[in-house]
Amino acid sequence: MISSEENTSKVKEVWGKIKAGVKVTPTMVFSVVGDSDSFVPRPWPKTVFQTALIEAAKSGGETWILHRGKDHGVSKVVREAYQNYGVMEFEFKNSKITIEKKERHVKLISIARGGTQETKIDPTIYNTEDEESENFLLQFEKYVSEQEVSFFSQKMDFRMPVPIAIIVCEGDLETIAHIADALQNKLPVIIMKGSGKAADLIVDYLQSSKSLRKKASVLFGIRFDDTSYTTLHEYLMTIRRNRDLVGVFDLNKDDPLKLSNIIGEAVVSCWSIANILPTTTKSNTNLLRIQNNLLLTFLSISGSSSLVNTLAIAGSSVAWKLLKRKVIRPEVRAINQLLEGYKDESRSYVLNPKYTSPASLPLYFYFGYQLLHESKHMKASGHILLLEALKANRCDYVRVLLDQGVEFKKESLPELYDQTVSCKECKINEEDCLHMQWILMQIEESQANILCNEYRGLRANGNENNKEEIGNLHISVAESAKYLCRKIWQYKEDRSPFDQMNTNGDHISDILLWAIFANRKELAEICWLRSENQLLTGLVCSAILKKLAKKANNVKEQILSTDLAEHAALLEKRCLNIMDRMYEENTTHAIEVMDDEAVVWGIHSSPLTFAYENFMYDVVAHVCSQKNMNKQWYNNLTPDLKPFLKSAFTRPKAFITAPLTKFVFNYMMFFTMLVMYSAFILTSIDTKYYVQDIARVFEYYVYFWGGGDFIEELISCFGCLESRGRSHRGNYSRMKRYLYDFWNVVDLLSYALLISALFVRHFYTSETFTIARRMFSLSLLVMYLRFMEVFLIHRTLGPTLIMIKEMLKDLFNFLFIAVFVILGVGIYYHANLFPDHQTIWEGDWTEWSFWKIIYYPYWQLYAELNLEFLEGKSDEICTNVTSEWESGLMERCPQKDWTVSGITGVYLLFSNLLLVNLVIAMFSYTFERVQENSEKLWRFERYTVINDYDWRIPSPINIMFLPYRFLCCPTREDCCLQKCRRIHCPDKVKKEKGKKKEAVDYRRNFQKIIAHRIHNHI
């Protein structure tokens, strides 16, 4: 019989050996029990248990997993989970990362029971040398719970008890006895519901004690006598009395990530019980006295006026009671050292915010928050905890810390990017990397390197100069992040001092941009709600994510691309929800807010303009945007035709300058030009008729109109005279956006043809002017196509034009496929009908034989079969004499070849039944797609027209106003007219600006209040 002292000595010895073997003190211990012989063949979800166990262990920091080391049962399941963890975490290096290596944060400890120790030696598992009894394991668990660990840092003298949880799978009567004893010793127990036997029996008994004997017999498959049943009932009664210390994880229903919550809550629940620390020993009495003195000292320092009330609250947190420390006064510096030590001692793992609670592992956050709150150093030292919460994706703590007024220190920004966005394992220069860092490098490599790699390189060198560079690196990192944000959509940086998003919440804007690049959805929402200009900021974030998703899709990173696209859609949807609610609350300001300009990360724009530039159809088609367009379209006049026409007499200036008036007048001038152009081409191209004066008037009017209209298109492309719109983007991006519009391409084509016709007519003289006539005719044809744009503003005809434009894209895709089929068939025809033909490229280019190659198969698409020719029976005059057809005197006769008829039949079957029906199906799909979104697409195109005619002047009248527009530019703030007005009417201008600023400030607060009402993450 082993005495109690000998047993305690043995426990200490084993504890010391394990610590020496693994070379670390644990910050979390799991003791998995339940090995037993099963008489009931019941399968249970072992994979769920393995995943949950390892995820919880990784969350615990330096975690020990204790098990019995058997070669079957629960021990085998635990061992397989641990081996899978090694393979997934360390890949092929698993066997080299032995248990004492610091890279292995989860360590498996085998405390073998008599006759069950594993014989195979695994360097990644620690095995105790002796065979231990079941009672020994219980004593060891109790001993572990009484040990102290430098929970925050191994180098700091701030110590706490080692947290331990007993996890129960399956199990027999001994397991139930073990659980009852553990609960009496105030050790938390987690039951794996669904694993069968003892685990399920305990869960059933806690829910209902009825039919205990029957349930026990069914679950264990053994016979119970009265003595055994009585003993079992007593153990279960003990467990029921301590049910507050028992957590239950349902293997069939719960998500594996929830085990971390259940364990953390069970541990905290145990520690919060008053008698967790024995009060009979002298050492504990001294400890309580020290804690009371510490509390009184702190109260005297803080100058509290209500001592009684403070005594009732201060010093009552779990962390404050359990923290064993030699420092009596918790100064800010000591608290900082306490929290910062965690960075080098443990590893943060990204958790699913859906399954986190305040007590979820790691307990660092729970204890750290309590210590900061207790010591009144939340604002001074909370940024350290905030940084770790951001890295670990602990949204609950991020939200609470920001509510407590904790500000993120920009000095931590490089570390945040390095540990969340940077690829530590990928060798960017040696092999392909498909993670976010690589995607950012495709945007701008130098800036992405500063963002992701600079901090790591400086930390690796570690000299004094590098420490100073690291201290200033946050400025470069913040600027690089903003630069990448602008570079994605080619925006020019706006450094204007007004309206900056980051004037009051720079730390929030930095966190938000990081959350976008790191794709942290819930953290992005938390920061977005606390930012300024929620509407514009949300749209900017959505646009960035869309672009990143597109780049990820280009490298076939489908999962990342889909996730980024979903995040972008989520942010856009939130903005739409804000717009809906604002329109319901205050229609006027909801309409006005769409034009409020602001600066977000150097991007100067307004919500409506930004949405249009980045093809956010839902935002542009929203009722707020449409109402704003109507105000602009009618120039703040009544948005109805009859009252609008009457305003020509009541408010002539507003009527004349309205975009609608300019639009109608422009197309009246356009139609007049088309009539003159048509008359000129039909009657007056030849010199004989050109001498008539009226013909010259027609021609030169066309030239003047074309010149004036071309100037307006250049202004539209580069935004020279715009007060708003695309002027805040770079010239390249504005030109790209301009050419994306189908009608703008048609415009440029008409100008190119008109200029070409003009040069051919006046610099390539001929008697008949045939080439000039063709060029003018082609130019006029394109002009008529251009004129169809006038119907784009019409609610019925507009969607029809959009449909035609989209179908043209399908047609071009079809022709791309058809051209190769036509070439292949045409060459086969020509090679067998005219063998060894040598004069394909001879003569004028219009007479090349190449055109005959594509002539017959192309027209066969439209059922022009030409079978007589393909069968060698052509009625045309031709010859088979080589010298005659080579000289070009006569056409060569086709030779009869039966294979040509066979290929013709196959080609006609393929082209007429497959290709033609394919393009019809494509048209049908496009029709349905456009019809479904016709209103949305029409509203988007409508804004294009309205935005253009806000500043456009119809041609050729605009030519007279060009000097005034370019010199004065009255729509801009730096215009000379505006400067004169500020000089001569300073009070009026100041009053107008003040009134405008008040309205803008109100609308900002308005959208913030609406955003907070809709979303509760604030």
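The structure displayed is predicted, hence computed values, not measured ones. (Residues numbered from 1 in each chain as written. Predicted model: local features only at pLDDT ≥ 70, side-chain atom pairs only at ≥ 80, totals over all residues. Heavy atoms only, no water.)

Topic: the overall build of the protein
To be explicit about the condition: A run of H or I in DSSP counts as a helix once it spans at least four residues, and a run of E counts as a strand once it spans at least two, with each numbered from the N terminus. For the exposure calls, accessible area comes from a 1.4 Å probe over protein chains only, and a residue counts as buried if that area is under 20% of its type's maximum, exposed if over 50%, partly exposed in between. Every accessible area reported is derived by Shrake-Rupley at a probe size of 1.4 Å, with residue values counting cover from the shown protein chains alone.
Of regular secondary structure, the protein possesses 46 helices and 14 strands. Counting all 1018 residues of the protein, 51% fall into the buried class. Per element, the accessible surface of the protein, about 49,500 Å² overall, is 56% carbon and sulfur.

Description of the pairing of strand 2 (residues 63–67)
Note the cut-off: The pairing criterion for strands is at least two bridges between them, as found by DSSP.
The buried fraction of strand 2 amounts to five of the five residues, a majority that puts the element mostly inside the structure. Neither face of strand 2 is open: one carries Thr63, Ile65 and His67, the other Trp64 and Leu66, and all of them are buried. Alignment of strand 1 (residues 28–33) against strand 2, held across four bridges, turns out to be parallel. Along strand 2, the bridge assignment pairs methionine 28 with threonine 63. Where strand 2 lies against strand 3 (residues 106–110), five bridges are found, and the strand directions are parallel. Note that in strand 3 the partner of threonine 63 across the bridge is valine 106.

Considering empty space enclosed by the protein
Applied cut-off: Within this scheme a cavity is a closed region of a 1 Å grid, computed over the protein atoms alone, that accommodates a 1.4 Å probe without allowing it to escape, whereas a pocket is open but has protein on both sides within 12 Å along at least five of seven lines; lining residues each have an atom within 4 Å of a point. Grid points are joined across faces, edges and corners, and a volume is the space filled by probe spheres set on the points.
The final tally for this structure, using the stated rule, is twelve cavities of 30 Å³ or more. Taken as a whole, the largest cavity holds about 170 Å³ of empty space. As for the largest cavity, its lining consists of 18 residues, of which Tyr667, Glu713, Glu789, Tyr949 and Arg952 are closest to the centre. Secondary structure elements with two or more residues in the lining of the largest cavity: helix 32 (659–683), helix 34 (693–718), helix 36 (742–763) and helix 43 (934–948).

Some points on the pattern of salt bridges
Put simply, the rule reads: The term salt bridge refers to a pairing of a side-chain nitrogen on Lys or Arg with a carboxyl oxygen on Asp or Glu at a separation within 4 Å.
In total, this model carries 32 salt bridges according to the counting rule given. Note that lysine 391 and glutamate 388 form a salt bridge whose closest N and O atoms lie 3.0 Å from each other. Placement of the pair is lysine 391 and glutamate 388 together in helix 15 (residues 378–391), with a separation of three residues, close to one helical turn. Relative accessible area serves as the criterion here: at 6%, lysine 391 is assigned to the buried category. On the basis of relative accessibility, which here comes to 1%, the residue glutamate 388 falls in the buried class. Between glutamate 525 and arginine 574 there is a salt bridge whose closest N-O contact spans 3.1 Å. Here the residue glutamate 525 occupies a position in helix 23 (residues 521–530), and arginine 574 occupies one in helix 25 (residues 558–585), the gap between them amounting to 49 residues. Arginine 574 gets classed as buried once you look at its relative accessible area, which sits at 6%. One salt-bridge network, in which partners are shared between bridges, spans Asp709, Glu713, Asp747, Arg786 and Arg952.

A look at the packing of aromatic side chains
Test applied: Classification of ring pairs uses Phe, Tyr and Trp, with its six-membered ring standing for Trp, and accepts pairs whose centres are within 6.5 Å; under 30 degrees between planes counts as stacked, over 60 as edge-to-face, and the remaining range as tilted. By definition here, charges over rings are those cases where NZ of Lys or CZ of Arg is within 6 Å of the ring centre and within 35 degrees of the ring normal.
Counted by the stated rule, this structure contains 37 aromatic pairs. Ring geometry for tryptophan 15 against tryptophan 64: centres 5.4 Å apart, planes inclined by 50 degrees, an arrangement best described as tilted. Of this pair, tryptophan 15 sits in helix 1 (residues 4–22) while tryptophan 64 sits in strand 2, placing them 49 residues apart in sequence. In this structure tryptophan 64 comes out as buried when scored by relative accessible area, which is 1%. For the ring pair tyrosine 858 and tyrosine 862, a centre distance of 5.2 Å and an interplane angle of 75 degrees mean the geometry is edge-to-face. What links up through ring pairs into an aromatic cluster is the set Trp633, Phe663, Tyr667, Phe670, Phe671, Trp705, Phe787 and Tyr949. Stacked on the ring of tyrosine 205, the Lys or Arg arginine 240 has its end atom at 4.6 Å from the ring centre. Above the face of the tryptophan 489 ring, lysine 547 is positioned so that its terminal group lies 4.9 Å from the ring centre.

Thoughts on the state of the cysteines
The line we're drawing: Throughout, disulfides are identified as pairs of cysteine sulfur atoms within 2.5 Å of each other.
Counted by the stated rule, this structure contains one disulfide. Disulfide partner of cysteine 878: cysteine 893, at an S-S distance of 1.9 Å. Measuring handedness by torsion sign, the sulfur bridge of cysteine 878 and cysteine 893 sits at about 100 degrees and is right-handed. Highlighted residues: cysteine 878 in strand 13 (residues 878–879) and cysteine 893 in the loop between strand 14 (891–892) and helix 42 (898–932), separated in sequence by 15 residues. The partly exposed category is assigned to cysteine 878, whose relative accessible area is 25%. Note on cysteine 893: relative accessible area 11%, which makes it buried. The closest cysteine sulfur to the non-disulfide-bonded cysteine 541 is located on cysteine 485, 7.5 Å from its own sulfur. Cysteine 575 carries a free sulfur, and the closest cysteine sulfur to it, the one in cysteine 541, is 8.3 Å from it.

Quick word on the pairing of strand 7 (residues 164–168)
The test is simple: A crossover counts as right-handed when, viewed with the strands pointing away from the observer, the path leading from the first strand over the helix to the second turns clockwise.
Most of strand 7 sits out of view: five of its five residues are buried. Taking every second residue as pointing to the same face, both faces of strand 7 are buried, with Ile164, Ile166 and Val168 on one and Ala165 and Ile167 on the other. Two elements, strand 1 and strand 7, share five bridges in a ladder whose sense is parallel. Along strand 7, the bridge assignment pairs valine 32 with isoleucine 167. One ladder, built from three bridges, connects strand 7 with strand 8 (residues 189–193); its direction is parallel. Paired with isoleucine 167 across the two strands is isoleucine 190, which belongs to strand 8. Considered for its hand, the β-α-β crossover made up of strand 7, helix 5 (residues 173–184) and strand 8 is right-handed.

Let's talk about the sheet that holds strand 1
Worth spelling out the cut-off: Interaxial angle, 0 to 180 degrees, is taken between N-to-C directions of lines fitted to C-alpha atoms, where a helix line uses only the stretch in contact. Contact between two residues is taken to exist if any of their heavy atoms lie within 4.5 Å; hydrogens are not considered.
Sheet architecture is open: seven strands sit in the order 4-3-2-1-7-8-9, paired in parallel fashion. Edge positions in the sheet fall to strand 4 (125–127) and strand 9 (246–250), since each has one partner strand and no second. The average undirected angle you get between the axes of adjacent strands in this sheet is 25 degrees. The strands that helix 6 (residues 197–207) touches are strand 7, strand 8 and strand 9; relative to strand 8, the one it contacts most, it runs at about 100 degrees.

Section: a nonpolar patch on the surface
Our working definition: Exposure above 30% relative accessible area and the lack of any salt bridge qualify a residue for a patch; like charges then connect within 9 Å, and the nonpolar side chains Val, Leu, Ile, Met, Phe, Trp and Tyr within 5 Å.
A surface patch of nonpolar side chains, amounting to about 490 Å² of accessible area, comprises Leu778, Leu781, Leu785, Met788, Phe791 and Leu797. Examining the composition of the nonpolar patch, we find that three residues originate from one element, helix 37 (residues 770–787), more than from any other. Counting through the fold element by element, phenylalanine 791 comes out in the loop between helix 37 and helix 38 (797–833). Using a relative accessible area of 36% as the deciding quantity, one classes phenylalanine 791 as partly exposed.

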